[in-house]
Amino acid sequence: MPLSPRHLPLATAAALSILALDAGHGAQAAQTRDFPSYALEPGAKPGRVTVEAKGQPGARQFRLTSTAPQRDNTSNLREISERGPYTVTGDLLFDALFAQSVDDAALASVSSIKDGAYNGGQPIACNCFETGEKWNYVWTRDLSYALDLGLAGLDPQRAVDSLLFKTGSFRAGVSIPAELPNGSTQIVQDTGSGGSWPISTDRTSWALGAEAVLANLRGGARADFARKAYDALRGTVEADRIAAFDTASGLYGGEHSFLDWREQTYARWVREHLPAMAQSKALSTNVLQYRALRLASRLAREVGDVPVATRYDGWAEELSKAIDATFWDARAGMYATYTMAEPTPARIEKYDLLGNALVVLSGVAPPERARSIFDRYPFAPFGPSVVWPQAPGEFVYHNRAQWPFVTAYGLRAAIAAGHVAAVDQSLAALERAAALHLSNMENLEWLTGRAQFDDGPEINSRRQLWSVGAYYGAIVQDVFGWQPGADGVHIRPYLTTATRARFDKPEVVLGGLSFAGKPVEIALILPAKAATGGAYPVAGITLNGKTVNGPLTSDEFTASRNRIEVRFGPAQASQSRVTALAPIDPVSHKEPRAFMPWTPGISGARRTAEQVALDFGPTKDRTPLRYRVLRDGVLVADDVTGSGWTDTAPPPPAVTACYSIVAVHVSTRIASQPSAPVCLRGEAAQTIAVGKMARLGQTLDLGQVMVASGGRHALTTTYENRTYAVNTGITNAVKRLVLVDEAGKRYSAILQMPHIDPEGDRHSTRSSTRAIFDLPAGRYSVSIEDFFNMSALSTNASYSGPGGMTGPVNEARIETLMVDRLP
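Presented here is an overview of the structure given in this document.

Criteria and cut-off values
- Residues numbered from 1 in each chain as written.
- Predicted model: local features only at pLDDT ≥ 70, side-chain atom pairs only at ≥ 80, totals over all residues.
- Heavy atoms only, no water.
- Disulfide = S-S within 2.5 Å.
- Buried < 20%, exposed > 50% of the residue type's maximum accessible area, 1.4 Å probe, protein only.
- Helix = DSSP H or I, 4+ residues; strand = E, 2+ residues; numbered from the N terminus.
- Expected span 1.5 Å × (residues − 1).
- Axes fitted to C-alpha atoms, helices over the stretch in contact; angles between N-to-C directions.
- Left-handed = near helix turned anticlockwise from the far one by under 90°.
- Contact = heavy atoms within 4.5 Å.
- Nonpolar A, V, L, I, M, F, W, Y, C, P; charged D, E, K, R; others polar.
- Pairing = 2+ DSSP bridges.
- Lys, Arg positive; Asp, Glu negative; His and termini not counted.
- Salt bridge = Lys/Arg side-chain N within 4 Å of Asp/Glu carboxyl O.
- Polar contact = N/O pair within 3.5 Å; in protein donor to acceptor, adjacent residues only side chain to side chain.
- Core = buried A, V, L, I, M, F, W, Y, C linked by side-chain atoms within 4.5 Å.

Section: the state of the cysteines
Point 1. Applying the stated criterion across every chain yields a total of two disulfides.
Point 2. Bridging Cys126 to Cys128, the disulfide has an S-S length of 1.6 Å. With respect to class, Cys126 is no different from Cys128; both count as buried.
Point 3. Sequential numbering of the bridged cysteines in the chain gives the disulfide pattern 1-2, 3-4.

Observations regarding helix α13 (residues 420-437)
Point 1. Compared with an ideal rise of 1.5 Å per residue, which puts 18 residues at 26 Å, α13 spans 26 Å between its outermost C-alpha atoms and is within 8% of the ideal.
Point 2. Within α13, 18 of the 18 residues are buried, which leaves it mostly tucked inside the rest of the structure.
Point 3. Just beyond α13, the residue with positive phi is Leu438, at close to 55°.

Comments concerning the packing of helix α2 (residues 140-149) against helix α4 (residues 206-215)
Point 1. Running from N to C, α2 and α4 point in directions that differ by 35°, and their axes come no closer than 7 Å. As α2 packs across α4, the resulting crossing turns out to be left-handed. Residues Thr140, Ser144, Tyr145, Leu147 and Asp148 of α2 lie in contact with α4, whose contacting residues are Trp206, Leu208, Gly209, Ala212 and Val213.
Point 2. The residue makeup of the contact of α2 with α4, split by class, is six nonpolar, three polar and one charged.

Remarks on the sheet that holds strand β23 (residues 495-496)
Point 1. Here we have three strands laid out as an open sheet, ordered β23-β26-β30, and antiparallel in their pairing. Each having just a single partner strand, β23 and β30 (572-573) make up the two edges of the open sheet.
Point 2. Alignment of β23 against strand β26 (residues 534-536), held across two bridges, turns out to be antiparallel. Across the sheet, Thr496 pairs through a bridge with Ala535, a residue of β26.

A closer look at the side chain of Arg171
Point 1. Its place among the elements puts Arg171 in the loop between β10 (167-168) and β11 (186-187).
Point 2. No salt bridge is formed by the buried Arg171; its nearest oppositely charged neighbour, Asp786, is found at 12 Å.
Point 3. A polar side-chain atom of Arg171 sits 2.9 Å from the main-chain carbonyl oxygen of Gly803.
Point 4. With near-sequence residues (within four places) excluded, Arg171 lies in contact with Ser791, Ala792, Leu793, Ser794, Asn796, Ala797, Gly803, Gly804, Gly807 and Pro808.

What to know about the side chain of Ser439
Point 1. Tracing the sequence through the fold places Ser439 in the loop between α13 and β20 (444-445).
Point 2. Judged by relative accessible area, which is 1%, Ser439 ranks as buried.
Point 3. If we skip the residues at most four places from it in the chain, Ser439 touches Arg78, Gln100, Asp104, Ala433, Ala434, Arg462 and Arg463.

A few points about unusual backbone geometry
Point 1. A cis geometry characterises the amide bond from Trp197 onward to Pro198, with omega recorded as -5°.
Point 2. If you trace the backbone, Pro198 turns up in the loop between β11 and α4.
Point 3. The linkage connecting Gly456 with the following residue, Pro457, adopts the cis geometry, with an omega of 0°.
Point 4. Within the fold, Pro457 resides in the loop between β20 and α14 (465-479).
Point 5. Of note in this structure, Asn119 is not a glycine but carries a positive phi near 55°.

Some points on the pairing of strand β22 (residues 488-491)
Point 1. Where strand β21 (residues 482-485) and β22 come together, four bridges link them in antiparallel fashion. Within the sheet, the bridge partner assigned to Gln483 lies in β22 and is His490.
Point 2. Where β21 folds back onto β22 in an antiparallel hairpin, the turn is made up of two residues.

Structural notes on the packing of helix α10 (residues 353-361) against helix α12 (residues 404-417)
Point 1. Across the interface, α10 lies against α12 with an axial gap of 8 Å and an inter-helix angle of 35°. Between α10 and α12 the crossing geometry is left-handed. Contacts between α10 and α12 involve Leu353, Leu354, Ala357, Leu358, Val360 and Leu361 from the former and Phe405, Val406, Thr407, Tyr409, Gly410, Arg412, Ala413 and Ala416 from the latter.
Point 2. By residue class, the composition of the contact of α10 with α12 is 11 nonpolar, two polar and one charged.

Some words on the environment of Asp786
Point 1. If you trace the backbone, Asp786 turns up in strand β46 (residues 778-786).
Point 2. Asp786 gets classed as buried once you look at its relative accessible area, which sits at 18%.
Point 3. Distance in space between the C-alpha atoms of Asp786 and Gly697 is 5.5 Å, their sequence separation being 89 residues.
Point 4. Other than its neighbours up to four places away in sequence, Asp786 contacts Arg695, Leu696, Gly697, Gln698, Val734, Lys735 and Asn810.
Point 5. Within the structure, the side chain of Asp786 is placed 2.7 Å from the backbone nitrogen of Gly697, a separation counted as a polar contact.
Point 6. Side chain to side chain, Asp786 and Lys735 meet in a polar contact 2.8 Å long.

So, the pattern of salt bridges
Point 1. Tallied over the entire structure, the rule returns 64 salt bridges.
Point 2. Here Arg60 and Glu82 are joined by a salt bridge, their closest N and O atoms 2.7 Å apart. Remark: Glu82 occurs in the loop between β6 (77-81) and β7 (86-88) and Arg60 occurs in the loop between β4 (47-55) and β5 (61-66); sequence separation between them is 22 residues.
Point 3. What makes Glu82 buried here is its relative accessible area of 7%.
Point 4. Between Arg400 and Asp455 there is a salt bridge, and its shortest N-O distance comes to 3.1 Å. Placement of Arg400 in the loop between β18 (387-388) and β19 (401-402) and of Asp455 in the loop between β20 and α14 is noted, with a sequence separation of 55 residues between them.

Brief notes about the nonpolar core
Point 1. Phe225, Ile323, Val359, Phe405, Trp482 and Ile564 are the most contacted members of the largest nonpolar core, which has 188 residues in total.
Point 2. Those residues in contact with Phe405 that sit more than four places away from it in its chain are Tyr145, Leu149, Phe258, Leu354, Trp466, Ser467 and Ala470.
Point 3. Counting 26 residues, the second-largest nonpolar core is a separate cluster that includes Met753, Phe773, Tyr780 and Val782.

Here's what the structure looks like:
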């Protein structure tokens, strides 16, 4: 691996000029900061940010200018009036950027929202946080991550209203599955791949936002939201258990969280075969399911549903074990982002920072693995990219990008792991991005740290809500340590020697906080400066002069003024290091030191009783490659050279076998995405013609199947679903496949038949997700029963696409039923 671990200096450790430092008593002051450009960016100059300030703390006016190019040619000047929480540190840029995050949050606080796909594009009344300057709606994951990172405490009631907007009940005429609890509701999975849920299953990110909001509420407001949150969570986790949980792996299927632009992070062939995405297992999504189960259990105990709480805790415990066992990649020293879709869920050698951060913060990763993540995850000069390695030939969006909210999760996880180097690098990345671009941007190009460079980011919004929450939370919760929790407010500042070095005052203050309607300020009493690379342990905390030994409850605060003081012990040196990305050409889209090989393909396959011969397709790579061969997700050959491979020990002739290949750069050992599987059907395979439409609310008889020999069998349909586009919508066809044997025993599983893009004037068919059963020999009656999709929810009644204003749609045309014997 062409990366060398070292402790990088802060990327923003640049020339600093202070014309007048202290604006704390109304004096005018100014400060400049130069931020270096990427060394290999042609003709680039350092970006200079100038801050001017006047007025009293809490009511200052800041004027920021930046010489960096602004996205969409917006102004290089921003003026901010301080309102709400504020910092007084003597470092004007520090104070101004925090004020900017508060101002961005205020701009996102709206009384109505709108999106062209809802309510005919007309405003919808909602006391909500909108998603960004370019995104004027509320999206489940964006909102939830923003609240979890910090915004839950800034305006708890607005947070409640926003979260409840993303829940819904079942619409009239929709059959509610009998397994769902009475009175429960559902969290909305927004429009997305193949028609949304359960192709995408990260709606449980809602639990993170809800947990943060609950920690900031008291009394009747908390009790009311807790009841509604419990109703939404129990309905959601029960539905996801039916539709997305795989009992064989102990994991939930579905697209990884946030990285939802299919070909940006999945192999390109997956876009046209979305059941592979549905059946793959993603790290981030499974951690979110774990968090939802833990919160649902806690809320169940609050209302006395002890048996339910016990069941959810059991599910969570088993899920935690499966996550750690399945996704941990010991060779890489990180958790893999996802697995293949095969019955044996082989890891794909792709890694993402959000998933790795969440697994640390959720307590799933053991301490030694948590530290390994930050030792090994590559950092570019101005911060970490959201994925590693990059996909060749793809533009900047999720690929080749930094996202500040992901950096902030990395920061918080690095604090949990005690990884000082990663903490310093992450804070520097957040500051640089917010300063140069005069807003909390949605995303940045991964090497230059610019809001526009080369071919992206494809889309980029100012004051993106989760980026706002990222910056606000990094200061409030991470630096100053204000951390509301289920048992009260914990005070846990994390002060590194690099952060301490920038302040010349004896104390720095975070003021303007409010908790249970009571004013709060936190003062960090600064210790002596020390060499970069260490952190100061907390030595003592007081509230209004009284020693604090644990979490603070609301009745410990006075109605008029509350001052928390934190004192620190001597700095403790850290041996932590981050892995620095080797300098590469910023316009390269295929550099082997940072990019996967192009996804290979199998161009031919021939099967006899004695062997299976595979031909490898041509490659776009011009550097040496080796290949791995997988059969049904299991590695059967490694370090293969040449243009093909022969399996001389294939499975028995009756069994269907599926082969995939992975290309590996010889020079760096970075591996590609797996190829599309080529399946050679066994002699026991059956194809039964159907040619019928499975519609909303109907049961469709598929006929009978004769199983000659008992064992594991996979049942799939070939289908057509042209309801809407492959990249959006709410009409993924979600059905229940039911088999009944001659004795009346019932077997059932969920089948998904997502949208399919047309091919010219023709709509082709695809294979559905598979249902795997261990079936004894015998005859079975087979039928398709209705289940539900996101068009069933009341929240989508105003959606302008199919399944919205014209009524729910859950349908696909079934062409054939296929039955295959598995090993």
